[in-house]
Amino acid sequence: MEPRLREEIDQLHARLCHALSDPNRILLLYTVAEKPHFVTELCEALEIPQPTASRHLKVLRERGLVNASREGQSIRYSLADQRIIEALDILRAVLADHLQAQGAIGHSVMEELKL
């Protein structure tokens, strides 16, 4: 394997895969992709406590997936790069195809068992 590819994959795993490993962080990304939000707005939208939202936003900010801009005493979060949403949408489509294929296999097995 090419050393550069290995290094890129190591960086991808360390930076992005970890940031995307929690469903709340993915939901936060989708929410700030719609429009910038303050932490309190994100807590309400996702129905999660403020400390939880802040902890996840810190990870997303450290990984460069969200931007944080101070407005008075509050911080408004926005999506740093729209391509992350495009990547998540592709992953969701792959998952949907896998689930649909599994469902089709399960359906055909059930039909065979009825015979």
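Let me begin by describing the structure that accompanies this report.

Reading the values: the criteria
- Residues numbered from 1 in each chain as written.
- Predicted model: local features only at pLDDT ≥ 70, side-chain atom pairs only at ≥ 80, totals over all residues.
- Heavy atoms only, no water.
- Helix = DSSP H or I, 4+ residues; strand = E, 2+ residues; numbered from the N terminus.
- Salt bridge = Lys/Arg side-chain N within 4 Å of Asp/Glu carboxyl O.
- Buried < 20%, exposed > 50% of the residue type's maximum accessible area, 1.4 Å probe, protein only.
- Expected span 1.5 Å × (residues − 1).
- Bend = angle between axes of the 7 residues up to and from the residue.
- Pairing = 2+ DSSP bridges.
- Axes fitted to C-alpha atoms, helices over the stretch in contact; angles between N-to-C directions.
- Parallel < 35°, antiparallel > 145°, perpendicular 65-115°, else oblique.
- Contact = heavy atoms within 4.5 Å.
- Nonpolar A, V, L, I, M, F, W, Y, C, P; charged D, E, K, R; others polar.
- Polar contact = N/O pair within 3.5 Å; in protein donor to acceptor, adjacent residues only side chain to side chain.
- Core = buried A, V, L, I, M, F, W, Y, C linked by side-chain atoms within 4.5 Å.

1. Digging into the environment of Pro 3
Link 1 in the chain: Positionally, Pro 3 belongs in helix H1 (residues 3-19).
Link 2 in the chain: For the pair Pro 3 and Thr 52, spaced 49 residues apart in the sequence, the C-alpha separation amounts to 38 Å.

2. Re the pattern of salt bridges
Side chains that differ in charge, positive against negative, can pair when their charged atoms come close.
Link 1 in the chain: For the structure on display, the rule yields 6 salt bridges.
Link 2 in the chain: Notably, a salt bridge pairs Glu 8 with Arg 4, separated by 3.1 Å at the nearest N-O pair. On the criterion of helical spacing, the pair formed by Glu 8 and Arg 4 is a turn pair, its members being 4 residues apart in helix H1.
Link 3 in the chain: A residue is classified by how much of its surface remains accessible, and Glu 8, at 41% relative accessible area, is partly exposed.
Link 4 in the chain: Looking at Arg 4, the relative accessible area reads 60%, which means it is exposed.
Link 5 in the chain: Close ionic contact of Arg 63 with Glu 62 constitutes a salt bridge, the shortest N to O distance being 3.7 Å.

3. What about H1?
Link 1 in the chain: Taking 1.5 Å of rise per residue, the 17 residues of H1 would be expected to cover 24 Å, and the 24 Å separating its terminal C-alpha atoms lies within 8% of that figure.
Link 2 in the chain: The largest bend in H1 amounts to roughly 35° and is located at His 13.

4. Some words on the pairing of strand S3 (residues 74-79)
Link 1 in the chain: Of the pairings in the sheet, the one linking strand S1 (residues 37-38) to S3 comprises 2 bridges and is antiparallel in character. Of the residues in S3, the one forming a bridge with His 37 is Tyr 77.
Link 2 in the chain: Note that strand S2 (residues 66-71) and S3 share 6 bridges and pair antiparallel. Looking at the pairing, Arg 70 lines up with Ile 75 of S3.

5. So, the packing of helix H2 (residues 23-34) against helix H4 (residues 50-62)
Link 1 in the chain: Where H2 contacts H4, the two axes come as close as 10 Å, and the packing angle between them is 75°. As judged from the angle between their axes, H2 and H4 are roughly perpendicular. Where H2 abuts H4, its residues Asn 24, Arg 25, Leu 28 and Leu 29 lie against Thr 52, Ala 53, His 56, Leu 57, Val 59 and Leu 60.
Link 2 in the chain: Taken together, the residues of the contact of H2 with H4 break down into 6 nonpolar, 3 polar and 1 charged.

6. Considering the side chain of His 37
Link 1 in the chain: Residue position: His 37 is located in strand S1.
Link 2 in the chain: Looking at His 37, its side chain comes within polar contact range of the main-chain oxygen of Lys 35, at 2.6 Å.

7. Looking at the nonpolar core
Link 1 in the chain: Counting 20 residues, the largest nonpolar core has Leu 29, Leu 60 and Tyr 77 as the members making the most contacts within it.
Link 2 in the chain: Put simply, the parts of the chain that give this core at least two residues each are H2, helix H3 (39-46), H4, S3 and helix H5 (83-114).
Link 3 in the chain: Setting aside chain neighbours within four positions, we find Leu 60 in contact with Ala 19, Arg 25, Leu 28, Leu 29, Leu 65 and Val 66.

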